[in-house]
Amino acid sequence: MPFITTKDGTQIFYKDWGKGQPVMFHHGWPLSADDWDAQMMFFLNAGFRVIAHDRRGHGRSTQTDTGNDMDTYAADVAALVEHLDLKNAVHIGHSTGGGEVARYVARHGKGRVAKAVLVSAVPPIMVKSAANPGGLDISVFDGFRKQLAANRAQFYREVPIPFYGYNRPGKTPNEGTVGNWWRQGMIGGIKAHYDCIKAFSETDFTEDLKQIDVPTLVMHGDDDQIVPFADSAPLSVKLLKKGELKVYKGYPHGMLTIHADELNKDLLAFIKA
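Residues numbered from 1 in each chain as written. Predicted model: local features only at pLDDT ≥ 70, side-chain atom pairs only at ≥ 80, totals over all residues. Heavy atoms only, no water.

*Asks:* Whenever I open this one, the packing of helix 2 (residues 70-84) against helix 3 (residues 96-108) confuses me. Can you help?
*Replies:* Between helix 2 and helix 3, whose axes approach to 9 Å, the crossing angle comes to 65°. When the interaxial angle is binned, helix 2 and helix 3 end up roughly perpendicular. Crossing of helix 2 over helix 3 shows right-handed handedness. Judged by residue contacts, Met70, Asp71, Tyr73, Ala74, Ala75, Val77, Ala78 and Val81 of helix 2 engage Thr96, Gly99, Glu100, Arg103, Tyr104, Arg107 and His108 from helix 3. Across the contact of helix 2 with helix 3, the residue classes break down as eight nonpolar, three polar and four charged. (Axes fitted to C-alpha atoms, helices over the stretch in contact; angles between N-to-C directions. Helix = DSSP H or I, 4+ residues; strand = E, 2+ residues; numbered from the N terminus. Parallel < 35°, antiparallel > 145°, perpendicular 65-115°, else oblique. Left-handed = near helix turned anticlockwise from the far one by under 90°. Contact = heavy atoms within 4.5 Å. Nonpolar A, V, L, I, M, F, W, Y, C, P; charged D, E, K, R; others polar.)

Right under this line is the structure:
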């Protein structure tokens, strides 16, 4: 399996398929590159080169106990991009991966990035503060950490239900989808996943968003129960120089998986525009 080794000795697993313009995918917490199966196949068949990696501590990458922060995540991406010599690339990030994309493009992407996409993404910042009164209280994330430490396996059975909106009236959980979420989560390391909660909830991406100068599409469902819409996508678009917002009525946080056909077409249209 392909890996790169970063400066601190961490091995980062990645997939790199096809030829053409590179499209790189950045997954959410606590998942892996496998969460992009539907997009990888779609864009590969559309003639693109598709790349997805497992963030450190996630999936098949090293189960790190250090470096589980957004600066290091972005540096790991930069190392992989340099290793693969990606240019004119489109970077697409879901949830925590959206934060990773924002930091990477702002700090490392000059001259290599054509466009960016933030899907159900955590920027500008999730946690509530005086500067972000619409955010989620820190107690929400403390609760995540408590449940993770107490029984990660059970916690990862429960999270996919609101993640995919399966708790809404008339919705029936798809066992394969829920099981695949659990499988991806359990492959990763508990310490890295624990630390990543702080990274995705408390990192402020305001300045990153202001510095991004490539066209950026922000896609979000207005029934997102994980990263609430009102305090994320509309605020991000206001900070971006070339931001475009697309809202999906009634769609959940995991819309890329359960509404892949629609979102893939919209992603393709944005890339080709």
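What follows continues from the structure just given.
*Asks:* Can you help me understand the packing of aromatic side chains in this one?
*Replies:* Aromatic ring pairs are defined here through the distance separating the ring centres and the angle between the ring planes. As enumerated under the stated definition, the model contains 17 aromatic pairs in all. A ring pair is formed by Phe42 and Phe43, whose centres lie 5.0 Å apart and whose planes are at 80°; its orientation type is edge-to-face. What makes Phe42 partly exposed here is its relative accessible area of 27%. With a centroid separation of 6.0 Å and an interplanar angle of 45°, the aromatic rings of Phe144 and Phe155 are classed as tilted. Overall, Phe155 belongs to the buried group, its relative accessible area being 4%. Over the aromatic face of Tyr73 sits the side chain of Arg55, whose NZ or CZ is 5.4 Å from the ring centroid. (Phe/Tyr/Trp six-rings, centres within 6.5 Å; stacked < 30°, edge-to-face > 60°. Buried < 20%, exposed > 50% of the residue type's maximum accessible area, 1.4 Å probe, protein only. Lys NZ or Arg CZ within 6 Å of the ring centre and 35° of its normal.)

*Asks:* For this particular structure, what's the right way to read unusual backbone geometry?
*Replies:* Phi is mostly negative for residues that are not glycine, and the peptide bonds are mostly trans. That bond from Trp29 to Pro30 is cis: its omega, -10°, falls within 30 degrees of zero. Locating Pro30 in the fold gives a position in the loop between strand 3 (22-26) and helix 1 (37-45). Look at the link from Pro123 to Pro124: it is a cis peptide, with omega at 5°. Relative to the helices and strands, Pro124 resides in the loop between strand 6 (113-119) and helix 4 (138-158). A positive phi angle, close to 55°, is found at Asp85, a residue other than glycine. Mapped onto the fold, Asp85 is located in the loop between helix 2 and strand 5 (89-94). Phi angles above zero are rare outside glycine, and Asn88 is one such case at about 55°.

*Asks:* Explain the environment of Asn132 to me, please; I cannot follow it from the model alone.
*Replies:* Along the chain, Asn132 falls in the loop between strand 6 and helix 4. Counting along the chain gives 99 residues from Asn132 to Asp231, while the straight-line C-alpha distance between them is 8.3 Å. In contact with Asn132, not counting residues within four places along its chain, are Ile125, Met126, Val127 and Asp231. A distance of 3.1 Å separates a polar atom in the side chain of Asn132 from the backbone oxygen of Ile125. (Polar contact = N/O pair within 3.5 Å; in protein donor to acceptor, adjacent residues only side chain to side chain.)

*Asks:* Would you mind going over the pairing of strand 5 with me for this structure?
*Replies:* Two faces, one strand: in a regular strand the side chains alternate between the faces of the sheet. Among the six residues of strand 5, six are classified as buried, and the element is accordingly described as predominantly covered. Sheet topology places strand 3 next to strand 5; four bridges connect them, and they run parallel. Its bridge partner lying in strand 5, Val23 is registered against Val90. As defined by bridge partners, strand 5 adjoins strand 6 across six bridges and the pair is classed as parallel. Of the residues in strand 6, the one forming a bridge with His94 is Val119. (Pairing = 2+ DSSP bridges.)

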